[in-house]
Amino acid sequence: MNENILGLVAGGITSVAMLPQLIKVLKNKDVEDLSLLMILFLIIGLSLWVWYGFIKEELPIILSNAFAVLVNVFLLISYFMYRKK
């Protein structure tokens, strides 16, 4: 198997891992069980992976992690929209 295809498949699977959580939050408008610290660390770590992908010129790393950053940014926005004050 081509290593780029393997990278895209692996990255795609891990990138969509947080989508069910985001969908649940948007559907229920409830973020009580979410950890703000976890979301922030994920965004930082994934952003560093994107940077690394640019340095190494590895499209699978860039695309999969950039998508995951977007999902987690939406989760972060949802966290602040739906948290109980």
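Predicted model only: the values in this text are computed from it and were never measured.

A few points about the overall build of the protein
Alright, step 1. Scanning the protein from N- to C-terminus turns up four helices and zero strands.
Alright, step 2. Counting helices and strands in the order they occur from the N terminus, the protein gives α-α-α-α.
Alright, step 3. Expressed as lengths along the three principal axes of its C-alpha atoms, the size of the protein is roughly 50 × 25 × 15 Å.
Alright, step 4. Considering the protein as a whole, with its 85 residues, one finds that 28% of them fall into the buried category.
Alright, step 5. Contacts in the protein between residues far apart in sequence, at least 24 positions, make up 74% of those at least 6 positions apart.
Alright, step 6. By element, 69% of the accessible surface of the protein is carried by carbon and sulfur atoms, the whole surface being about 6,100 Å².
Alright, step 7. Computing the positive centroid from 7 side-chain charges and the negative centroid from 6, the protein places the two 14 Å apart.

Regarding unusual backbone geometry
Alright, step 1. At K29, a residue that is not glycine, the phi angle is positive and equals roughly 55 degrees.
Alright, step 2. Structurally, K29 is set in the loop between α2 (19-28) and α3 (36-56).
Alright, step 3. Even without being a glycine, E57 presents a positive backbone phi close to 55 degrees.

Observations concerning a nonpolar patch on the surface
Alright, step 1. A cluster of nonpolar side chains, L37, L40, F41, I44, L48, W51 and I55, forms an exposed patch at the surface whose accessible area comes to about 770 Å².
Alright, step 2. Structurally, the position occupied by W51 is in helix α3.

A word on the packing of aromatic side chains
To describe a pair of aromatic rings, one takes the distance between the centres and the angle between the planes.
Alright, step 1. Applying the stated criterion to the full structure yields two aromatic pairs.
Alright, step 2. Ring centres of Y79 and F80 lie 5.4 Å apart, and the angle between their planes is 90 degrees; on these two criteria the pair is classed as edge-to-face.
Alright, step 3. Overall, the relative accessible area of 16% leaves Y79 in the buried class.

Some words on the pattern of salt bridges
Alright, step 1. Evaluated as defined, the whole model comprises one salt bridge.
Alright, step 2. For K84, the salt bridge identified is with E32, shortest N-O distance 3.3 Å. You can see K84 sitting in the segment after α4 (59-82) and its partner E32 sitting in the loop between α2 and α3, a full 52 residues away along the chain. Both residues of the pair, K84 and E32, belong to the exposed class.

The rules behind the values
Residues numbered from 1 in each chain as written. Predicted model: local features only at pLDDT ≥ 70, side-chain atom pairs only at ≥ 80, totals over all residues. Heavy atoms only, no water. Helix = DSSP H or I, 4+ residues; strand = E, 2+ residues; numbered from the N terminus. Buried < 20%, exposed > 50% of the residue type's maximum accessible area, 1.4 Å probe, protein only. Contact = heavy atoms within 4.5 Å. Areas by Shrake-Rupley, 256 points an atom, 1.4 Å probe, with all protein chains shown as cover. Lys, Arg positive; Asp, Glu negative; His and termini not counted. Charge placed at Lys NZ, Arg CZ, Asp CG, Glu CD. Patch = residues over 30% accessible without salt bridge, like charges linked within 9 Å, V, L, I, M, F, W, Y side chains within 5 Å. Salt bridge = Lys/Arg side-chain N within 4 Å of Asp/Glu carboxyl O. Phe/Tyr/Trp six-rings, centres within 6.5 Å; stacked < 30°, edge-to-face > 60°.

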